[in-house]
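Remarks on the overall topology
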Amino acid sequence: MSNAATVPQTIPFGRRLKRFMADRPLVPLIILLVILVVILQILRPGIVNERWIANTIKFAIPLAILAGCQTMTMLTGGIDLSVGTVATMSAFIMATQIVNQDPSIAFLLAMMPALLIGLVNGIGVGVFRVHPLIMTLGTSLIGTGCLQVYQRTVIASGAKIPDFLAWLGTGVTYGFPNALLLFIPLAALIVFTLARTGFGRLLYAVGDNERATRLSGVRYWQVITALYITSSVLAGITGLLYIGLIKAPSLSLAEPLVLPSVAAAVIGGTSIFGGRGGYTGTIIGALILTVLTTLLTILQMPEGARRILFGLIVLFVTAAYLRIVEER
């Protein structure tokens, strides 16, 4: 019998690091955010101050809310490409209807397309089993066409940005953006819904194993319909906030935020294959992309190159996620 001592096996550092990042995804995200801020400060000394932080948060909030829509839909293995159109429609309708209507009536009219598109998306995906990418892309194109027709009917009356939306979008109180008054309750509600409610657990369950969820008695179409209605309503609210920030209604107001919203959710750790992710990481992902946009602006990188970069980010993070899953 051998008396040799058994030598314990050590786990390679690279594997331990990957396991650490997989188990604590917020840590590398926060480190990346800090690194980008430091680089920004080095390239433009003095830029990182109280005013810059407030402006960064202002522009990150609309992106974070739209990314919340993507997070919830991606948890089920889907995606919502109509959020940009929904946000644009709500913003444009609000700006044109407020001219002749009471603010409460204008708000209801602005949110009607959001409810309708969300319902159509939910029925298409949940009942008729249309792929979410195709379904939401189709409703996005239809919504854009309807908005162009609507513009012709109100072109003579003009548009106006409501004062309360301008206050919410651009205002700062004691150094804190007023938009936080809307975002903090919304973010808390999304986090609570995903972590502590039956609806949130069903979203994870559907994305993890749709067949098993169906066999357990869950009405899949009801979950999906509620999901896409919620996503569209959040997109509509984003549009109202965004027009208060930009103060320039247009037919493509929020469309540039669609790809970054997907990128923010993916960067935040939400799997495009469903069943994995959370909204806290998505918020940090939105901040990372906002700081990155500022950095690219300083470097004078054109819009086309930024879109290419965001697309590469989505591909890289997805590939990294698949690598970690395979090794675990």
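Residues numbered from 1 in each chain as written. Predicted model: local features only at pLDDT ≥ 70, side-chain atom pairs only at ≥ 80, totals over all residues. Heavy atoms only, no water.

Per an unreviewed UniProt entry, the protein goes by Ribose ABC transporter permease and derives from Rhizobium loti. Annotation of the protein in UniProt includes, under Subcellular location (unreviewed entry), the sentence "Cell membrane". (UniProt positions renumbered as here; feature names shortened; annotations may be inferred.)

Bringing the layout of surface pockets into the picture now. Size it by volume and the second largest pocket reaches roughly 540 Å³. If you go around the second largest pocket, you meet 23 residues; those closest to its centre are Phe-59, Thr-290, Thr-293, Thr-294 and Arg-306. At six residues, helix α13 (residues 279-298) tops the list of elements feeding residues into the lining of the second largest pocket. Among the residues forming the lining of the second largest pocket, the class breakdown is 13 nonpolar, six polar and four charged. (1 Å grid on protein atoms, 1.4 Å probe; cavity = no way out; pocket = protein on both sides within 12 Å on 5 of 7 lines; lining within 4 Å. Points joined across faces, edges and corners; volume = space filled by probe spheres on them. Helix = DSSP H or I, 4+ residues; strand = E, 2+ residues; numbered from the N terminus. Nonpolar A, V, L, I, M, F, W, Y, C, P; charged D, E, K, R; others polar.)

Before going further, it helps to examine the environment of Asn-178. In this structure, Asn-178 sits in the loop between β2 (176-177) and α8 (180-196). Residues Asn-178 and Gln-300, spaced 122 residues apart in sequence, show a C-alpha to C-alpha distance of 30 Å. Apart from the residues within four sequence positions on either side, Asn-178 is in contact with Trp-167, Leu-168, Gly-171, Val-172 and Thr-173. Among the polar contacts made by the side chain of Asn-178, one reaches the main-chain carbonyl oxygen of Trp-167 at a distance of 3.0 Å. (Contact = heavy atoms within 4.5 Å. Polar contact = N/O pair within 3.5 Å; in protein donor to acceptor, adjacent residues only side chain to side chain.)

On to the packing of helix α2 (residues 26-43) against α13. Put simply, α2 and α13 touch, their axes get as near as 10 Å, and they point 20° apart. As summarised for this structure, α2 and α13 are arranged roughly parallel, according to the angle between their axes. Considering how the two elements wind past one another, α2 and α13 form a crossing that is left-handed. Contacts from Leu-26, Leu-29, Ile-30, Leu-32, Leu-33, Leu-36, Val-37, Ile-39, Leu-40 and Leu-43 in α2 reach Thr-280, Gly-281, Ile-284, Leu-287, Ile-288, Val-291, Leu-292, Thr-294, Leu-295 and Ile-298 in α13. Looking at the contact of α2 with α13 residue by residue, the class counts come to 17 nonpolar, three polar and no charged. (Axes fitted to C-alpha atoms, helices over the stretch in contact; angles between N-to-C directions. Parallel < 35°, antiparallel > 145°, perpendicular 65-115°, else oblique. Left-handed = near helix turned anticlockwise from the far one by under 90°.)

Attention shifts here to helix α9 (residues 198-208). Residues of α9 that are buried include every one of Gly-200, Leu-203, Val-206 and Gly-207, and no others. For α9, the angular spread of buried residues about the axis comes to 125°, placing them on one side. Residues of α9 that are exposed and angled more than 90 degrees away from the buried face: Arg-201 and Asp-208. Against the buried residues of α9 lie α3 (50-75), α8, α10 (210-215) and α11 (220-246). (Buried < 20%, exposed > 50% of the residue type's maximum accessible area, 1.4 Å probe, protein only. Arc of directions from axis to C-beta.)

Moving on, we come to a nonpolar patch on the surface. On the surface, Val-27, Ile-31, Ile-35, Ile-39, Leu-43 and Leu-299 cluster together to form a nonpolar patch covering roughly 490 Å² of accessible area. Following the sequence through the fold, Ile-39 ends up in helix α2. (Patch = residues over 30% accessible without salt bridge, like charges linked within 9 Å, V, L, I, M, F, W, Y side chains within 5 Å. Areas by Shrake-Rupley, 256 points an atom, 1.4 Å probe, with all protein chains shown as cover. Salt bridge = Lys/Arg side-chain N within 4 Å of Asp/Glu carboxyl O.)

Okay, unusual backbone geometry next. Apart from glycine, the bulk of residues carry a negative phi angle, and the bulk of peptide bonds sit in the trans form. In this structure, Tyr-174 takes a positive phi of about 55° despite not being glycine. Tracing the chain through its elements places Tyr-174 in the loop between β1 (172-173) and β2.

In this structure the tally under the stated criterion is one cavity of 30 Å³ or more. Looking at the lining of the largest cavity, the elements with two or more residues in it are α4 (83-97) and α6 (132-154). With three residues, α4 is the single largest residue contributor to the lining of the largest cavity.

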